[in-house]
Amino acid sequence: MPEGDTIHYAANRIRPVLEGRVPDAIRTPHPRFGRDRWPERLAGRAVRAVEARGKHLLLRFEGGLTIHSHLRMTGSWRVLDAVGTRWPRAPRRAWLTIRRGERLVVQFDGPVLELMTDGRTRFDQRIAGLGPDIVAEAFDEARVLRRLREDDPTRPIGDALLDQKTVAGIGNLWKIEGCWLAGVDPWRPAGAVSDDEVLAIVRAVRPRMQQSARDGMQDRFKTIYGTAGRPCPRCGTLVRSRAMGDTGRMTWWCPGCQR
Ligand SMILES: [Zn+2]
């Protein structure tokens, strides 16, 4: 699942290939970019920085241009050998390829991929409005609590934690596992969840997400995600599932040990 740890992992893989380097070739094979002339606009420019911000990835080029990506549920970043590698997805699904030496950075399936000025990234609320990044080294817990308390207190805590303005990087998987690890019912209204309980959720997922950002092995942290009808590994009660919030994200929880 593309969540904050997935994006940090991708950035960690892309950084040694591109940061401080001028790419040898940039291509945008997807038809939607036909008239955008990215290869011409980015030609000869070095990549200044590869940044992960919550679930957003930013490739910053010299001259004040930035490629902004958000994978939603379907997109993917891969770093492949430029020659002789079998691609993990069909080549026609590549929206962007950046070759540098023997390596090829590929963005598959978008769905948000845009070239913008640095100035716009400072004002675009999808990026500038993000809450503290849960995977980043510096993390301001007090700011997360402040933002959560400004939000609708009747919203289920699970749903509130998906709001990227409150905390950036948590997606549906980490919401579910975090609530389970902390023993908090994801359906409880945010206003009825104490600061300590919120921090227990956040502190449970943060080191796991950081580990996954380092090694890319997110799946091993799935404990109750997708286990409806099976016994909870902690108390044996059968795990339940139901869609939550405006986005209808499927939510798994144990009614036995999550209060
Ligand atoms: Zn349980």
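In what follows, the structure referred to is the one given above.
Residues numbered from 1 in each chain as written. Predicted model: local features only at pLDDT ≥ 70, side-chain atom pairs only at ≥ 80, totals over all residues. Heavy atoms only, no water.

Draft legend 1. Inspection of the nonpolar core at higher detail. Membership of the largest hydrophobic core comes to 35 residues, with the highest contact counts inside it found for Ile 134, Ile 157, Val 167, Ile 170 and Trp 174. Every element with two or more residues in this core is listed here: helix H5 (141–150), helix H6 (157–160), helix H7 (172–182) and helix H8 (195–215). For this core, the leading source of residues is H8, giving seven residues. Each residue touching Trp 174, except ones within four places of it in the same chain, is listed here: Glu 3, Asp 5, Val 205, Arg 208, Met 209, Gln 218 and Phe 221. Counting 27 residues, the second-largest nonpolar core is a separate cluster that includes Val 47, Val 50, Ile 67 and Leu 113. (Core = buried A, V, L, I, M, F, W, Y, C linked by side-chain atoms within 4.5 Å. Buried < 20%, exposed > 50% of the residue type's maximum accessible area, 1.4 Å probe, protein only. Helix = DSSP H or I, 4+ residues; strand = E, 2+ residues; numbered from the N terminus. Contact = heavy atoms within 4.5 Å.)

Draft legend 2. Looking closely at the side chain of Glu 3. Mapped onto the elements of the fold, Glu 3 is located in the segment before helix H1 (4–18). Here Glu 3 is buried and forms no salt bridge, its nearest opposite-charge partner Arg 249 lying at an N-O distance of 5.7 Å. Within the structure, Glu 3 has its side chain in polar contact with the backbone nitrogen of Leu 173 (distance 2.8 Å). With residues near it in sequence (within four places) discarded, Glu 3 still touches Lys 55, Gly 169, Ile 170, Gly 171, Asn 172, Leu 173, Trp 174 and Gln 218. (Lys, Arg positive; Asp, Glu negative; His and termini not counted. Salt bridge = Lys/Arg side-chain N within 4 Å of Asp/Glu carboxyl O. Polar contact = N/O pair within 3.5 Å; in protein donor to acceptor, adjacent residues only side chain to side chain.)

Draft legend 3. Region of interest: H1. The end-to-end C-alpha distance of H1, which contains 15 residues, comes to 20 Å, matching closely the 21 Å that a straight helix rising 1.5 Å per residue would cover. Phi turns positive, to about 75°, at Gly 20, one or two residues after H1. (Expected span 1.5 Å × (residues − 1).)

Draft legend 4. Highlighting the sheet that holds strand E8 (residues 112–117). Strand order across the open sheet formed by four strands is E2-E3-E4-E8, with antiparallel pairing between neighbours. The sheet is open, and its two borders are formed by strand E2 (47–53) and E8, each paired with just one other strand. For this sheet, the mean inter-axis angle between neighbouring strands, taken without regard to orientation, is 15°. The sheet contact formed by E2 and strand E3 (residues 56–61) spans six bridges and is antiparallel. Bridging from a neighbouring strand, Glu 51 pairs with Leu 58 of E3. Helix-sheet contacts for H1 involve E2 and E3, and the interaxial angle to E2 is about 170°. (Pairing = 2+ DSSP bridges. Axes fitted to C-alpha atoms, helices over the stretch in contact; angles between N-to-C directions.)

Draft legend 5. Region of interest: the layout of surface pockets. One number sums up the size of the largest pocket: a volume of about 700 Å³. Elements that contribute at least two residues to the lining of the largest pocket include exactly strand E4 (65–70) and helix H4 (125–128). In terms of residue class, the lining of the largest pocket is made up of six nonpolar, nine polar and ten charged. Here the second largest pocket is characterised by a volume of approximately 440 Å³. In this structure, the second largest pocket is lined by 19 residues; those nearest its centre are Thr 6, Tyr 9, Ser 76, Trp 77 and Arg 78. Contributing elements (two or more residues each) for the lining of the second largest pocket: H1 and strand E5 (76–81). For the lining of the second largest pocket, the element with the most residues is H1, which contributes six residues. Its residues placed into classes, the lining of the second largest pocket shows eight nonpolar, six polar and five charged. (1 Å grid on protein atoms, 1.4 Å probe; cavity = no way out; pocket = protein on both sides within 12 Å on 5 of 7 lines; lining within 4 Å. Points joined across faces, edges and corners; volume = space filled by probe spheres on them. Nonpolar A, V, L, I, M, F, W, Y, C, P; charged D, E, K, R; others polar.)

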